[in-house]
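Here are the chains, one letter per residue:
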Amino acid sequence: MVGYDPRADGRNVSNLEVAVAGSVSGLVTRVLISPLDVIKIRFQLQIERLSRSDPNAKYHGILQAGRQILQEEGPTAFWKGHIPAQLLSIGYGAVQFLSFEVLTELVHRASVRDARDFSVHFVCGGLSACVATLAVHPVDVLRTRFAAQGEPRVYKTLRNAVVTMYRTEGPLVFYKGLNPTLIAIFPYAGFQFSFYSSLKHAYEWAMPAEGKKNENFKNLLCGSGAGVISKTLTYPMDLFKKRLQVGGFEQARASFGQVRSYKGLLDCARQVLREEGAQGCFKGLAPSLLKAALSTGFVFFWYELFCNLFHHMKKADS
């Protein structure tokens, strides 16, 4: 079970094991969903409409974008920025799940509310994601820059990117897009954890007794559902974040089409709405939902799997 559960009958998993399970779940998931993440970022940064009818649009569909990236940049392009992305996933997963476990246990011990309530999981999930975001946001900016650049590459290595960005744009470059990230991540993660818990309860209520035996399938299915719902509700903020993170990086995107500069979150939102319409706020939603379903499903699946593994190992030793 994700989060503190007083009914867990001595499911003794330490904070270190929670952090390890969160890290490994993020690592494995990132390898699997990286191609969709690269396509999603390319869609989010494209000013032109994602439509065949726009002759200036570089990308207009998931399969078309995949073929074009493969043809122009090779198969490794789908894992551009993979090292910072892995650092992001490992660090974020460890801090988020550890914070969530600690916060839900604090709520239980304070006897404020039932630690398994939807509202408790929403607030604790949101707070844990904010803590994790503050810890790993610089790596998120690096990941976005690597995934956004075409050929020839502006940044050759991770070290080169860090040094170049620091020298040319200053230390605050590593926190570009932080405001929309924090605004979006609280409800996004809150909905992830709370809907995951609620969907598991609904699954147990709806499924016949023999269907309840497959815990791994339940975790994957409910995690995927929670990811799709959460991403749909908070998507525009993710798009604004990506646009802000590549500010000052326009030269690397000249071959992709038009580029824009934004003064901040509100200016970015205004320009997107004025030039691209309301639908512009949802560019890349299709690959993003596919990615959210797979990534959230896999993250919860692997997390629960490793926590159960640690628990069974302890029982075997005792």
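The model shown is predicted, which means the values in this text are computed figures rather than measured ones.

Topic: helix α4 (residues 118–148)
Alright, step 1. Its 31 residues give α4 an end-to-end C-alpha distance of only 37 Å, which falls more than 12% under 45 Å, the value for a rise of 1.5 Å per residue.
Alright, step 2. When the local axis directions of α4 are compared, the greatest deviation, roughly 65°, occurs at valine 136, which is followed within four positions by the proline proline 138.

Observations concerning the packing of α4 against helix α7 (residues 215–245)
Alright, step 1. Following both chains from N to C, one finds α4 and α7 inclined at 75°, their axes separated by 9 Å at the closest point. Judged by the inter-axis angle, α4 sits roughly perpendicular to α7. Across from His137, Asp140, Val141, Arg143, Thr144 and Arg145 in α4, the residues of α7 making contact are Lys241, Lys242 and Gln245.
Alright, step 2. The residue makeup of the contact of α4 with α7, split by class, is 1 nonpolar, 3 polar and 5 charged.

Focus on a nonpolar patch on the surface
Alright, step 1. Residues Leu27, Val31, Leu32 and Trp79 make up a contiguous nonpolar surface patch of roughly 340 Å² in combined accessible area.
Alright, step 2. As for its placement among the helices and strands, valine 31 is situated in helix α1 (residues 15–45).

As for the side chain of serine 128
Alright, step 1. Note on placement: serine 128 falls in helix α4.
Alright, step 2. By relative accessible area, which is 0% here, serine 128 ends up buried.
Alright, step 3. For serine 128, the side chain forms a polar contact with the main-chain oxygen of glycine 125, separated by 2.8 Å.
Alright, step 4. In this view, serine 128 contacts Gln96, Ser99, Phe100, Leu103 and Phe193; residues no more than four positions away in its chain are not counted.

Details of the nonpolar core
Alright, step 1. Within the largest apolar cluster, 23 residues are counted, with the highest numbers of intra-cluster contacts made by Ile39, Tyr59, Ile69, Tyr155, Ala161 and Met165.
Alright, step 2. Elements with a minimum of two residues in this core: α1, α2 (62–73), α4 and α5 (158–169).
Alright, step 3. Beyond its immediate chain neighbours, meaning those up to four positions away, methionine 165 contacts Val141, Leu142, Arg145, Tyr155, Gly170, Val173 and Phe174.
Alright, step 4. Core analysis: the next-biggest nonpolar cluster, separate from the first, contains 16 residues, Ala21, Phe100, Tyr203 and Tyr303 among them.

Concerning the UniProt feature "repeat: Solcar" (unreviewed entry) in the chain
Alright, step 1. When the UniProt feature table is mapped onto this chain numbering, "repeat: Solcar" (unreviewed entry) sits at residues 13–106, 116–202 and 214–309.
Alright, step 2. End-to-end, the C-alpha atoms of residues 116–202 are 14 Å apart, and along that stretch the chain is 78% helix and 0% strand.

A look at helix α6 (residues 178–206)
Alright, step 1. A rise of 1.5 Å per residue sets the reference length of α6, with its 29 residues, at 42 Å; its end C-alpha atoms lie 40 Å apart and thus fit the reference within 8%.
Alright, step 2. Its maximal kink placed at isoleucine 185, α6 deviates by approximately 30°, while the proline proline 187 follows within four residues.

Considerations on the packing of aromatic side chains
Alright, step 1. Counted under the stated rule, the structure contains 12 aromatic pairs.
Alright, step 2. With centroids separated by 5.8 Å and ring planes inclined at 70°, the aromatic side chains of phenylalanine 97 and phenylalanine 193 adopt a geometry described as edge-to-face. Taken together, the residues phenylalanine 97 in helix α3 (residues 82–110) and phenylalanine 193 in helix α6 connect sequence positions 96 residues apart.
Alright, step 3. Note on phenylalanine 193: relative accessible area 2%, which makes it buried.
Alright, step 4. Measuring from centroid to centroid gives 4.0 Å for phenylalanine 100 and phenylalanine 193, while their planes differ by 20°, and the two rings are stacked. Highlighted residues: phenylalanine 100 in helix α3 and phenylalanine 193 in helix α6, separated in sequence by 93 residues. Per residue, the accessibility class of phenylalanine 100 equals that of phenylalanine 193, and both read buried.

Thresholds, definitions, all that
- Residues numbered from 1 in each chain as written.
- Predicted model: local features only at pLDDT ≥ 70, side-chain atom pairs only at ≥ 80, totals over all residues.
- Heavy atoms only, no water.
- Helix = DSSP H or I, 4+ residues; strand = E, 2+ residues; numbered from the N terminus.
- Expected span 1.5 Å × (residues − 1).
- Bend = angle between axes of the 7 residues up to and from the residue.
- Axes fitted to C-alpha atoms, helices over the stretch in contact; angles between N-to-C directions.
- Parallel < 35°, antiparallel > 145°, perpendicular 65-115°, else oblique.
- Contact = heavy atoms within 4.5 Å.
- Nonpolar A, V, L, I, M, F, W, Y, C, P; charged D, E, K, R; others polar.
- Patch = residues over 30% accessible without salt bridge, like charges linked within 9 Å, V, L, I, M, F, W, Y side chains within 5 Å.
- Areas by Shrake-Rupley, 256 points an atom, 1.4 Å probe, with all protein chains shown as cover.
- Salt bridge = Lys/Arg side-chain N within 4 Å of Asp/Glu carboxyl O.
- Buried < 20%, exposed > 50% of the residue type's maximum accessible area, 1.4 Å probe, protein only.
- Polar contact = N/O pair within 3.5 Å; in protein donor to acceptor, adjacent residues only side chain to side chain.
- Core = buried A, V, L, I, M, F, W, Y, C linked by side-chain atoms within 4.5 Å.
- UniProt positions renumbered as here; feature names shortened; annotations may be inferred.
- Phe/Tyr/Trp six-rings, centres within 6.5 Å; stacked < 30°, edge-to-face > 60°.

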